[in-house]
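Observations on the model geometry
Chain by chain, the residues run as shown.
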Amino acid sequence: MKLFTRRPGRRPTPKVAKRLGIVGGVMISALVLMAVFAPLLAPYDPTERVGAPFQPPSAEHWLGTNDVGQDLLSELIYGARVSLTVGIVAAIVALILGTTVGVLAGYYPKRLGKVLMQSVDVILILPFLPLLIVLAAYLGRSLLNTIVVIGVLIWAGPSRVIRSQVLSLRSREYVLASRTMGAPDRWAIVRHVLPRTALLATGTFVRAVSTAILLEAALSFLGLGDPLQKSWGSILFWAQSRGAFLTPAWKWWVLPPGLMIMIASLGFALVAFAMEERINPRL
Amino acid sequence: MKKRIAIPILLLCLALVAAACSSDTDDATTTTGGDGGSSDTTTTTEGMTEASVLRAAITGDEDTINPYTYISGFPGWNLLMMQYDSLMQLDANGEPQPWLAETVTTNEDLTVWTLKIVDGVTWHDGEPLTAEDVEFSLEYFMEKATGRFSRDLSSVEDVTSDDTTNEVVITLGATNPSFDLVALADVPIIPEQVWAEIDTPGEATYDISTNVGSGPYMLVEYEAEQFYRFEANPDYFRGAPQVDELVVVVFADDSGALAAIRSGEVDVNFERVSPEQIDLLAGQGGLEIAQGPEFTTQMINFDASKAPFDDLAVRKAMSLAIDAQDIVDTVFLGAATVGSPGWVHPDKAVYNPAVQPEFDPAAANAMLDDAGYADSDGDGVREYDGEPMAFELITNSSDSLRLRIAELTAEMLAEIGMDITVASVETATWEEAVWPGFDINNGRNYDIATWGWSAPIQANTIRVAELVNSDPSIGFLNLTGFSNPDVDTLSAALLTEADEAAFETGIMELQQLIADNVPFVMLAYPDGAYVYNADVYSDYEFIAGQGIVSKLSFLPDSARP
């Protein structure tokens, strides 16, 4: 008996999803390579003043220079490091928090689960961006704080997805069997539940990276990151505070970091989409 | 999940769209700008010297602009003084000159000031302005606190007036050589017939009918958050203004005001233009820049009361290692005057030209070597008392120019073996660290910090005593905990020096002493730059330290002091 049937045309076929996933993978790999080999790729040290301020693009400086004469192309290349690091580390923080809460809430759905899920609901209800801004402003400007702020704010969504998976897992025969045989909960969680949520968690993790990269850019753009860290968001912050948005400089100062942010977050989003297609058939 | 990704995306998209929209109009500027901007234009004598209507931009509402309602010190006070007169008026050099008082005489020790009021001046309502009005105004401000004007007059003990000779005599409690600058050229004179009926000005509600002054402009229309309309006073005692109607439009922010002047919606921007805009605006469709010295300061503070900054060698080495000229060129794009290590702005009459900024990192390194600050572990950072010379340089995040100053300073100090980390914090956090509770008796919680003082402290040169004297009752702005007996003695003596020649010699000497002992590192005095449309009106007067927003900008040349 079939519980459900696929209706063709209502969703992309797995093949399309796979292709999109490959495109996303290529985008991510390119950025990761750029971040890793930044010192080789970048023509200058991004913290060094190598030209006159506010230079338009030229042969020496392909994307011109910023307001103190640092090379914008080098900033852009090194920016991949900060943006990707923040994105990935913040997503790991979110993943650890989200998985822990999700598994506990799913495995003990009665009391602990209720309390946990209600707190998740509270976090989901809070106006997100204002909270992010307030937290970032309160904690002060540093890379670590940016990571922590983003990490602790984006775990709530993933934790719900994981909880629902665990809820269905805990009543499977092998889990019930191990419990009847007297195995401790810890063992059942580690042996049976976690391995079967790992794949789902990976999917939500990749999506969280995409979110975290965008949030880092948003925070840095608003001046709530560390403005002296070379990230794509901070390039935009300086472009904004030194008036590049009002001048022709937007073409080489605003557009490139904007595109990089788009590529990074799109790349992770595409991969996440392809993964979810395989992992989470109900989507 | 979806929703949350959407918000930051939306933010970025908005930013990009904003950039794209605004760019269409100005593609030509990259090549054409540049020539008019950097030249030291005060005001051109050619060009339009008359206009029927002039539209000016400000950012932020100023309420009804009477002495008890105007909001900002700049340009609120400046717009207030379009409608009112002070007893003295600053000339183009920023020196007070007789104005409503045609003569100002003082006794030997500068405690009794006798002012002869100009005869035949009338208020906007036609009533005559008399010496009694002047006495009334001063007493009114002393009794009914306004903040600024009450503070200006805090040294006044007694005011008397004589309506037959039209003279006012002001008696001060102590010698105050700068009373003309801080009080006579600052306090507006208000009409007794209007204000006598207002007992508690702080609580009263006003409309523009209260705005009866004697100045060249009368406020005739006001829409909150939208605009002010001033009409010229044809009977003004110094001569009728050259602009018949002044409309001041309120914008929400700088970019709005700049867009308006580019598109010709307004003819002058009363707010300062940031350095990177100067070259872009100049020469574009009749736009010109009035640029000149202003008296705000940018400096680096350190806590000189503790090691290693209590050692003169360290402070001196820091000042030698910081290239103020580079900061002026890079951060301010040349639109600033390099800071004098003796504090006083080079455009002030009492500036000591012998005190010059020095930049010599090699000498700085030698100085630190001699003083025993060696880099014993070879990590590129010197040590003091066994600790590495690694410090936090705090700066307020809201000021992006200062953030760049901090970045450059850290880079320069690395050259002399100091490891500086820039910490960008909220303005309140930064103030609390440098000046806890705005009272120096609370001490200091910082190592190195960016800092800057507003114009009034530089405008009145002897206020430098407040910055460098170690006695908290005199040096109540001594944020660096600096202490030097010679500086203490001289600065205290100069505060009450009534003899002009002796004061001048003393202040020259004090500048040298300050430069030698480095209570702080002076970086720059940023210029004021204002953009105006020369096709509409161009006869602005740039008052040194004050800018173009004053009644002088609109009076005929013959009426200017």
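Since the model is a prediction, treat every value here as computed from it, not as a measurement.

1. Brief notes about the overall build of chain A
The number of helices and strands found in chain A is 12 helices and zero strands. Listing the helices and strands of chain A from first to last along the sequence gives α-α-α-α-α-α-α-α-α-α-α-α. Across the 283 residues that make up chain A, the buried fraction comes to 50%. Across chain A, every contact between residues at least 6 apart in sequence was considered, and the portion connecting residues at least 24 apart equals 71%. As presented, chain A carries roughly 13,500 Å² of accessible surface, and 68% of it is formed by carbon and sulfur atoms.

2. Section: a negative patch on the surface
Residues B:Glu108, B:Asp109, B:Asp499, B:Glu500 and B:Glu504 make up a contiguous surface patch of negative charge. Residue position: B:Asp499 is located in the loop between helix H17 (485-495) and helix H18 (500-517).

3. Some remarks on helix H4 (residues 131-143) of chain B
In this model, H4(B) (13 residues) spans 18 Å end to end at C-alpha, consistent with the 18 Å of a helix rising 1.5 Å per residue. The secondary structure elements touched by the buried residues of H4(B) are strand E5 (112-117), helix H5 (148-152), strand E6 (156-162), strand E7 (167-172) and helix H7 (192-195) of chain B.

4. As for the side chain of B:Lys551
Residue and element names in this part refer to chain B. Counting through the fold element by element, Lys551 comes out in the segment after strand E21 (528-533). Note on Lys551: relative accessible area 3%, which makes it buried. Engagement of the side chain of Lys551 in a polar contact is seen with the backbone oxygen of Tyr84, the distance being 3.1 Å. Once residues lying within four places of it in the same chain are set aside, the contact partners of Lys551 are Met81, Met82, Tyr84, Asp85, Ser86, Gln89, Trp99, Pro216 and Tyr236.

5. Some remarks on helix H5 (residues 128-139) of chain A
Residues and elements named next belong to chain A. Compared with the 16 Å implied by 1.5 Å per residue over 12 residues, the 16 Å span of H5 between its first and last C-alpha is a close match. Listed as buried for H5 are Phe128, Leu129, Leu132 and Ala136. Down the axis of H5, the buried set is contained in an arc of 95°. They therefore lie on one face. Exposed side of H5, more than 90 degrees from the buried face: Val134 and Tyr138 are the residues found there. Just beyond H5, the residue with positive phi is Gly140, at close to 95°.

6. As for the environment of A:Ala94
All names here are of chain A. Turning to its location among the elements, Ala94 is positioned in helix H3 (residues 72-107). Here the alpha-carbon distance between Ala94 and Val148, two residues 54 residues apart in the chain, equals 9.0 Å. In contact with Ala94, not counting residues within four places along its chain, are Gly151, Ile154 and Trp155.

7. Remarks on the sheet that holds E5(B)
Residue and element names in this part refer to chain B. Ordered by their spatial adjacency, four strands build an open sheet running E4-E5-E7-E6, and the pairing between neighbours is antiparallel. Where the open sheet ends on each side, the last strands, each with one partner, are strand E4 (101-106) and E6. Across the sheet, the mean angle from the axis of one strand to that of its neighbour is 15°, orientation sign disregarded. Contacts from H4 reach E5, E6 and E7 within the one sheet, and its direction differs from that of E6 by about 160°.

8. Regarding the nonpolar core
If you look at the biggest cluster of nonpolar residues, it comprises 109 residues, and the most contacted ones within it are A:Ile150, A:Trp232, A:Trp253, B:Ile327 and B:Met418. Element by element, the count of residues in this core is highest for H3(A), at 14 residues. Non-local contacts of B:Met418, meaning those with residues more than four positions away in its chain, are made with B:Phe309, B:Met318, B:Met389, B:Phe391 and B:Leu413. By size, the runner-up hydrophobic cluster in this structure holds 79 residues, among which are B:Trp99, B:Phe141, B:Leu181 and B:Val250.

9. Considerations on the packing of helix H8 (residues 173-180) of chain A against helix H9 (residues 185-221) of chain A
Residue and element names in this part refer to chain A. Two elements in contact, H8 and H9, have axes separated by 10 Å at closest approach and are oriented at 165°. Taken together, the axes of H8 and H9 are roughly antiparallel relative to one another. H8 and H9 meet at a crossing whose hand is right-handed. Contacts from Tyr174, Val175, Ser178 and Arg179 of H8 reach H9 at Asp185, Trp187, Ala188, His192 and Arg196.

10. Re the pattern of salt bridges
Two side chains carrying opposite charge are able to pair once their charged atoms lie near each other. All names here are of chain B. Scanning the entire structure with this criterion turns up 28 salt bridges over all chains. Between Lys144 and Glu143 there is a salt bridge, with the nearest N and O atoms lying 4.0 Å from each other. When the shortest N-O distance is used, the salt bridge between Asp557 and Arg560 registers 3.6 Å. Look at Arg560 and you get buried, because its relative accessible area is 10%.

Reading guide: rules and limits
- Residues numbered from 1 in each chain as written.
- Chains lettered and ligands numbered in written order.
- Predicted model: local features only at pLDDT ≥ 70, side-chain atom pairs only at ≥ 80, totals over all residues.
- Heavy atoms only, no water.
- Helix = DSSP H or I, 4+ residues; strand = E, 2+ residues; numbered from the N terminus.
- Buried < 20%, exposed > 50% of the residue type's maximum accessible area, 1.4 Å probe, protein only.
- Contact = heavy atoms within 4.5 Å.
- Areas by Shrake-Rupley, 256 points an atom, 1.4 Å probe, with all protein chains shown as cover.
- Patch = residues over 30% accessible without salt bridge, like charges linked within 9 Å, V, L, I, M, F, W, Y side chains within 5 Å.
- Salt bridge = Lys/Arg side-chain N within 4 Å of Asp/Glu carboxyl O.
- Lys, Arg positive; Asp, Glu negative; His and termini not counted.
- Charge placed at Lys NZ, Arg CZ, Asp CG, Glu CD.
- Expected span 1.5 Å × (residues − 1).
- Polar contact = N/O pair within 3.5 Å; in protein donor to acceptor, adjacent residues only side chain to side chain.
- Arc of directions from axis to C-beta.
- Pairing = 2+ DSSP bridges.
- Axes fitted to C-alpha atoms, helices over the stretch in contact; angles between N-to-C directions.
- Core = buried A, V, L, I, M, F, W, Y, C linked by side-chain atoms within 4.5 Å.
- Parallel < 35°, antiparallel > 145°, perpendicular 65-115°, else oblique.
- Left-handed = near helix turned anticlockwise from the far one by under 90°.

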